[in-house]
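Below are the chains, spelled out letter by letter.
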Amino acid sequence: MNMSNEIAGRLLQMLEETGMTEFRRNELAQAMGCVPSQITYVVTSRFTPEKGYIVESRRGGDGCVRITRVSYTKRTALMHVVNAVGDQIDETSARSIISGLEQRNLLDASSAKLMTAAVNENCYRALEKSVRNRVRAEVFKRMLVSVME
């Protein structure tokens, strides 16, 4: 298992009991046998609002990082994602959001698979590059809204 997965696993374990964890980045890095920047990378890439987390950090001598798992209804969570997508989205970002929604059981496997196919770059080859991400965002948002109904 690579270090990022180990760090993410440890943080998920810490979140398991109460849905919130607070830690000092340097202390966790020392305990995990890695550099603090690896902790930062995992926190910023895997514990995002789109994946259902709020991350707060305090700087200074006793600075710490707090991660909170956010509880939403399915409809509220999907509306949050629809609003966060904005006017355009690339395939990688859309796939990441879909994966996060599926992991949080807000999308079933079948819906996630269909959405992943619909945001695939191959679907947009006939379009000018300048409009692909805008069209993908509209398709993606319409699919999310249809899942809410």
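Residues numbered from 1 in each chain as written. Predicted model: local features only at pLDDT ≥ 70, side-chain atom pairs only at ≥ 80, totals over all residues. Heavy atoms only, no water.

*Asks:* Help me understand the packing of aromatic side chains in this model?
*Replies:* Note on aromatic pairs: each is described by the distance of the centres and the angle between the planes. What the rule picks out here adds up to one aromatic pair. When the ring of Phe 47 is compared with that of Tyr 53, the centres are 4.9 Å apart and the planes differ by 70°; the resulting orientation is edge-to-face. Across the pair, exposure class does not vary: Phe 47 and Tyr 53 are buried alike. (Phe/Tyr/Trp six-rings, centres within 6.5 Å; stacked < 30°, edge-to-face > 60°. Buried < 20%, exposed > 50% of the residue type's maximum accessible area, 1.4 Å probe, protein only.)

*Asks:* What am I meant to see in the pairing of strand 3 (residues 65–69) here?
*Replies:* On any regular strand, side chains alternate: one points to one face of the sheet, the next to the other face. Bridge count between strand 1 (residues 20–23) and strand 3: four bridges; the pairing is antiparallel. By the bridge assignment for strand 3, Phe 23 is matched with Val 65. (Pairing = 2+ DSSP bridges. Helix = DSSP H or I, 4+ residues; strand = E, 2+ residues; numbered from the N terminus.)

*Asks:* Whenever I open this one, the environment of Met 143 confuses me. Can you help?
*Replies:* As for its placement among the helices and strands, Met 143 is situated in helix 7 (residues 129–148). Separated by 42 residues in the primary sequence, Met 143 and Leu 101 have C-alpha atoms spaced 13 Å apart. With residues near it in sequence (within four places) discarded, Met 143 still touches Leu 114, Met 115 and Ala 118. (Contact = heavy atoms within 4.5 Å.)

*Asks:* Just to check I follow, could you spell out the packing of helix 5 (residues 91–103) against helix 7 for this structure?
*Replies:* A pair of packed helices is captured by two measures, namely the crossing angle of their axes and the spacing between those axes. Where helix 5 meets helix 7, the axes come as close as 11 Å, and the angle between the chain directions of the two elements is 15°. In terms of orientation, helix 5 lies roughly parallel with respect to helix 7. Helix 7 is crossed by helix 5, and the crossing has right-handed handedness. For the pair formed by helix 5 and helix 7, the contact residues are Glu 91, Ala 94, Ile 97, Ile 98 and Leu 101 on the first element and Arg 136, Phe 140 and Leu 144 on the second. Its residues assigned to classes, the contact of helix 5 with helix 7 comprises six nonpolar, no polar and two charged. (Axes fitted to C-alpha atoms, helices over the stretch in contact; angles between N-to-C directions. Parallel < 35°, antiparallel > 145°, perpendicular 65-115°, else oblique. Left-handed = near helix turned anticlockwise from the far one by under 90°. Nonpolar A, V, L, I, M, F, W, Y, C, P; charged D, E, K, R; others polar.)

*Asks:* What exactly am I supposed to notice about the nonpolar core here?
*Replies:* Here is a general trend for soluble globular proteins: nonpolar side chains tend to be buried in one another's company. Residues Val 85, Ile 89, Ile 97, Ile 98, Leu 101, Phe 140 and Leu 144 are the most contacted members of the largest nonpolar core, which totals 19 residues. Every element with two or more residues in this core is listed here: helix 4 (74–85), helix 5, helix 6 (109–118) and helix 7. No other element matches the five residues that helix 4 contributes to this core. When neighbours within four sequence positions are excluded, Leu 101 is seen to be in contact with Leu 78, Val 81, Leu 106, Leu 107 and Leu 144. Ranked by size, the runner-up nonpolar core spans 16 residues in total, among them Ile 7, Phe 23, Met 32 and Ile 39. (Core = buried A, V, L, I, M, F, W, Y, C linked by side-chain atoms within 4.5 Å.)

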